[in-house]
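Examining the three-dimensional arrangement
Here's the letter readout for the chains.
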Amino acid sequence: MSCTENYFALQKELAELAPDGSVKLLPVSKTVSADVIRELYDAGVREFAENRIEVLNPKSEILPEDIVWHFIGRLQSNKVRKILKVAKVIHSVDSVELVERISRIAGEEKCTPEIYLEISVSGEECKGGFPVDRAIELARAAVNAPNIKLTGLMTMAPLEADAAECRKVFSGLRECRDKIEAELNVKLPGLSMGMSNDWREAVACGSTLIRVGSSIFHKE
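Below is a short write-up of the structure. All values reported here derive from a predicted model rather than from experimental measurement.

Topic: the packing of aromatic side chains
Counted according to the given criterion, the structure contains two aromatic pairs. Centre to centre, the rings of Y7 and F8 are 5.1 Å apart; their planes meet at 90 degrees, and the pair counts as edge-to-face. For F8, a relative accessible area of 41% corresponds to the partly exposed category. Across from the ring centre of Y41, 3.7 Å away, lies the NZ or CZ of R46, which sits over that ring.

What follows is the structure, given as structure tokens:
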């Protein structure tokens, strides 16, 4: 099957699990060429995710300008300006310092990026993310920062986790979001959680955006 066929097959399954259309399927195109991305673009897809600015920039320069790029990789503070020139959505904001830097540079670049706060629910040291027990601290900084739009929270389950453990992590992020909304009196509609191997568990736990790469671009 082509990547386009894989994409729409996933969309069909997603529609069966979330018939209200509340969950977005975001193709993670980090391993494929601009030509492959264009195939999905020509089929009507307008949002894609990348995890390295060195890969994102060359692709964005030769692909249509109306693509909405999401940045999902570890965000280094010295690359914030480069990313803000291309990406409209950032999923990996994991420190107060990064919130403040994005806010300042966004003001200078006259843009208002959407951001997701990356929260470490599983506690894995190898993954990024702000500690879940201090998430309110990061959320408060983001709510008070100008020039950014706080959309919601993001997390990843452990790579080898079984379905039950994935659901525990994803439910933990949803509960964290609910606590933040109650304490800060804000609305955070977005939960960016779920990838190729665990997106079904994520949807069951309230995900609003699943980040899928291999099931679209490398499915046998």
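There is more to say, and it comes next.
Topic: the pattern of salt bridges
A side chain with one charge can pair with a side chain of the opposite charge if their charged atoms come near. Using the criterion set out here, one finds 13 salt bridges in the structure. Sharing partners across several salt bridges, the network here consists of R81, K85, R104, E108 and E109.

Considerations on the side chain of S103
With respect to the secondary-structure elements, S103 resides in helix α5 (residues 96–109). Since its relative accessible area comes to 5%, S103 is described here as buried. When residues no more than four places from it in sequence are discounted, the contact partners of S103 are A145, P146, N147 and I148.

Some words on helix α7 (residues 163–184)
When the terminal C-alpha atoms of α7 are compared, their 32 Å separation across 22 residues agrees well with the 32 Å that a helix rising 1.5 Å per residue should span. Of all the positions in α7, only C166, V169, F170, S171, G172, L173, C176, R177, I180 and E181 are classed as buried. Contacts made by the buried residues of α7 are with β5 (114–120), α6 (135–144), β7 (149–154), β8 (190–192) and α8 (199–204).

Concerning the nonpolar core
One finds I102, L117, I119 and I216 to be the most contacted residues of the largest nonpolar core, which totals 67 residues. If we skip the residues at most four places from it in the chain, I119 touches G129, F130, V132, A135, L138, L153, M154, T155, L173 and C176. L26, A49, I72 and L209 belong to the second-largest nonpolar core, a separate cluster that totals eight residues.

Comments concerning the pairing of β5
Both faces of the sheet carry side chains from a regular strand, because those side chains alternate between them. Among the seven residues of β5, six are classified as buried, and the element is accordingly described as predominantly covered. Pairing geometry for strand β4 (residues 89–93) and β5, over three bridges, is parallel. Paired with I90 across the bridge in β5 is I115. Note on the crossover from β4 through α5 to β5: the handedness is right-handed. By the bridge criterion, five bridges tie β5 to β7 in an arrangement that is parallel. Along β7, the bridge assignment pairs E114 with K149. Strand direction decides the pairing type here: β5 and strand β6 (residues 130–131), joined by two bridges, are parallel.

What counts, and at which threshold
Residues numbered from 1 in each chain as written. Predicted model: local features only at pLDDT ≥ 70, side-chain atom pairs only at ≥ 80, totals over all residues. Heavy atoms only, no water. Phe/Tyr/Trp six-rings, centres within 6.5 Å; stacked < 30°, edge-to-face > 60°. Buried < 20%, exposed > 50% of the residue type's maximum accessible area, 1.4 Å probe, protein only. Lys NZ or Arg CZ within 6 Å of the ring centre and 35° of its normal. Salt bridge = Lys/Arg side-chain N within 4 Å of Asp/Glu carboxyl O. Helix = DSSP H or I, 4+ residues; strand = E, 2+ residues; numbered from the N terminus. Contact = heavy atoms within 4.5 Å. Expected span 1.5 Å × (residues − 1). Core = buried A, V, L, I, M, F, W, Y, C linked by side-chain atoms within 4.5 Å. Pairing = 2+ DSSP bridges. Right-handed = clockwise from strand over helix to strand, strands pointing away.

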